[in-house]
Structures are given as structure tokens and as C-alpha cells.
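Below, each chain spelled out in residue letters.
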Amino acid sequence: MEYGDWSFVVLDHLWISVMKIPDERDLGQQDRALMAEAILEKIPLETHPFAQRWNGAIGEEQQAWFKAQLDDSHRRGRRVGVFSHIPILESAASDRHLAWDHKAVLKLLDEYNHVEFYMAGHCHRGGYALRNGVHHITIEGMLESSAAVEASYSVVNLSPETIRIEGVGGCSSYSFSVCT
């Protein structure tokens, strides 16, 4: 998706997951669920708290597609915002709420200087951290809002110089400069 000089990429970090809702139209889903089980067997939970059944991964095919999107946007001089359900940076979430392939995705982001933000959810308490010029924002979950709050969400506003995230209800607000 594009807007102005921005490109937005949406990653499916539950593509390889044991938590995906069954979909008879997705012929590869059962194979990916088996792959997810195999991944979890190789990652010891005792030393890798993110090896939770509620997390997942984008996998090699989606990583290759993501790299192609980043290459194309870089070649065209566009800024990039990334959205995914699952965070990839512990300091913006928690060690239990990270994508299984978070290190690979972070390494990929490190290859580029035009990615401005990575926005996720999943870790209900929310969080924010800046890493290598990329703003990692984890939007708080509705479940963390008080009963008195009827709605909890965020609105993203972009300008050439800033990204403003207006939190409503139980969500935090942020404003930060972007590279131009």
C-alpha cells in the first residue's frame, strides 16, 4: 500500500503458527502448522521465552517477499512503515511476546535506512523503543483498558517530518520525527 512518499508493508507473523484459525481454502495451512510444531520443538522455552504457542513466524517465503518490498521501496526513494500483529523487539514488548523469527526480521531491517517504524500489537501492555533508527511501537490491547473505557484504539497521522500516533481509550500516544 502506498500513500504520498510512504510504502506500507503488512506482515503475517501468524503465517507459520499453531494458533491459526482453520481455513479449508488455505491448502498449505496444515503443512505450516506442522512446521510450527517442529520449530517449537527446536526452541527450548527455558532459554527462549518467546517460544510460546501464541507466537508465530513469517517464514522464509514471506521474508524473501519482504526483502523484495524493501529493495523496491529503497530504489524508489520511499519511506516504509511496517505493520504486523507480533512484535520483533523485546524492549518494545516482552520476552514472551516476540515472533519466533524476530532476530531474522530485525537483521533484515538493519540492512535498510528507510524503514521508519514497525507497529505491532499482541503484547497487551504495549511498548515503545527506538532501534537503529526504526521506531518499534506496540499498541496496547483493548483487554488492558479499564471497564470504564468503551473503545481503545490508535490513529496514525503522517506528515513529512513526524509520525503522530493518537491513542484513544487505553492506548498511548506518541510523536516522533522521521528521517527525510
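Look up a bit, the structure's there.
Residues numbered from 1 in each chain as written. Predicted model: local features only at pLDDT ≥ 70, side-chain atom pairs only at ≥ 80, totals over all residues. Heavy atoms only, no water.

**Describing the packing of helix H2 (residues 59–75) against helix H3 (residues 102–110)**
Spelled out, the test is: Each axis is a line fitted through C-alpha atoms, and for a helix only the stretch in contact is used; angles between axes span 0 to 180 degrees, taken between their N-to-C directions. Secondary structure elements are defined from DSSP: runs of H or I of at least 4 residues count as helices, runs of E of at least 2 residues count as strands, and each element is numbered from the N terminus. Oblique is the label for any angle not covered by the other classes, which are roughly parallel (under 35 degrees), roughly antiparallel (over 145) and roughly perpendicular (65 to 115). The hand of a helix crossing depends on one turn: near helix anticlockwise from the far one by less than a right angle means left-handed, and clockwise means right-handed. Whether two residues are in contact is decided by their heavy atoms: any pair within 4.5 Å suffices. For this scheme, ten residues count as nonpolar: Ala, Val, Leu, Ile, Met, Phe, Trp, Tyr, Cys and Pro. Four count as charged, namely Asp, Glu, Lys and Arg, and the remainder, Gly too, count as polar.
Contact geometry for H2 and H3: axes closest at 11 Å, N-to-C directions at 15°. With respect to H3, the axis of H2 lies roughly parallel. Taken as a pair, H2 and H3 cross one another with a handedness that is right-handed. Listed contacts from H3 to Gln63, Phe66, Lys67 and Leu70 of H2 are Ala104, Val105, Leu108 and Leu109. Within the contact of H2 with H3, the residues separate by chemical class into six nonpolar, one polar and one charged.

**Quick notes on the pairing of strand E8 (residues 162–168)**
For clarity, the cut-off: For every residue, the accessible area obtained with a 1.4 Å probe (protein chains only) is divided by the maximum for its type, and the residue is called buried under 20%, exposed over 50%, and partly exposed between those limits. By this definition, two strands are paired if DSSP reports at least two bridges between them.
Residues Ile163, Ile165 and Gly167 of E8 are buried on one face, while the alternating residues Thr162, Arg164, Glu166 and Val168, pointing to the opposite face, are not. What sits between the antiparallel neighbours E8 and strand E9 (residues 174–177) is a turn of five residues, in which glycine 169 has the positive phi angle 70°.

**Quick notes on the side chain of threonine 138**
Let me state the cut-off plainly: Pairs of N or O atoms are called polar contacts if they sit within 3.5 Å, as long as, within protein, a hydrogen donor faces a hydrogen acceptor (for residues adjacent in sequence, only side-chain-to-side-chain pairs).
On the secondary structure map, threonine 138 appears in strand E6 (residues 134–138). Under the relative-accessibility criterion, threonine 138 is labelled buried at 1%. Only 2.6 Å separates the side chain of threonine 138 from the backbone oxygen of alanine 92, close enough to count as a polar contact. Those residues in contact with threonine 138 that sit more than four places away from it in its chain are Pro87, Ala92, Ala93, Ala120, Gly121, Cys123, Gly126 and Gly127.

**Describing the pattern of salt bridges**
Oppositely charged side chains can pair when the atoms bearing their charge come close. This is how it is decided: By definition here, a salt bridge exists when the distance from a side-chain nitrogen of Lys or Arg to a carboxyl oxygen of Asp or Glu is within 4 Å.
As enumerated under the stated definition, the model contains eight salt bridges in all. In this structure, arginine 78 engages glutamate 2 in a salt bridge whose closest nitrogen and oxygen atoms are separated by 3.5 Å. Of this pair, arginine 78 sits in the loop between H2 and strand E3 (79–84) while glutamate 2 is found in strand E1 (residues 2–3), placing the two residues 76 residues apart along the sequence. Overall, the relative accessible area of 11% leaves arginine 78 in the buried class. Residue classification places glutamate 2 among the partly exposed residues on the basis of a relative accessible area of 44%.

**Here we look at the sheet that holds E3**
Pairing in this open sheet of six strands is mixed, and the strands run E1-E2-E3-E4-E6-E5 from one edge to the other. Two strands lie at the open edges of the sheet, namely E1 and strand E5 (127–131), each paired on one side alone. Summarising the sheet, E5 and E6 pair through five bridges and their orientation is antiparallel. Looking at the pairing, leucine 130 lines up with histidine 135 of E6. Each of strand E2 (6–11), E3 and strand E4 (115–120) is contacted by H2, which is oriented at about 175° to E2, the strand it contacts most.

**Quick word on the sheet that holds E9**
The strands making up a sheet are joined through hydrogen bonds of the backbone, oriented either antiparallel or parallel. Read from one edge of the open sheet, three strands run E7-E8-E9, paired in antiparallel fashion. What marks the edges here is a single partner per strand, and that holds for strand E7 (153–158) and E9. Going across the sheet, the axis of each strand differs from the next one's by a mean of 10°, ignoring polarity.

**Some words on the environment of aspartate 5**
Locating aspartate 5 in the fold gives a position in the loop between E1 and E2. Among the residues examined, aspartate 5 registers a relative accessible area of 36% and is labelled partly exposed. Taking the C-alpha atoms as reference points, aspartate 5 and glycine 77, 72 residues apart in sequence, are found 7.8 Å from one another. Excluding residues within four positions of it along the chain, aspartate 5 makes contact with Arg78 and Arg79.

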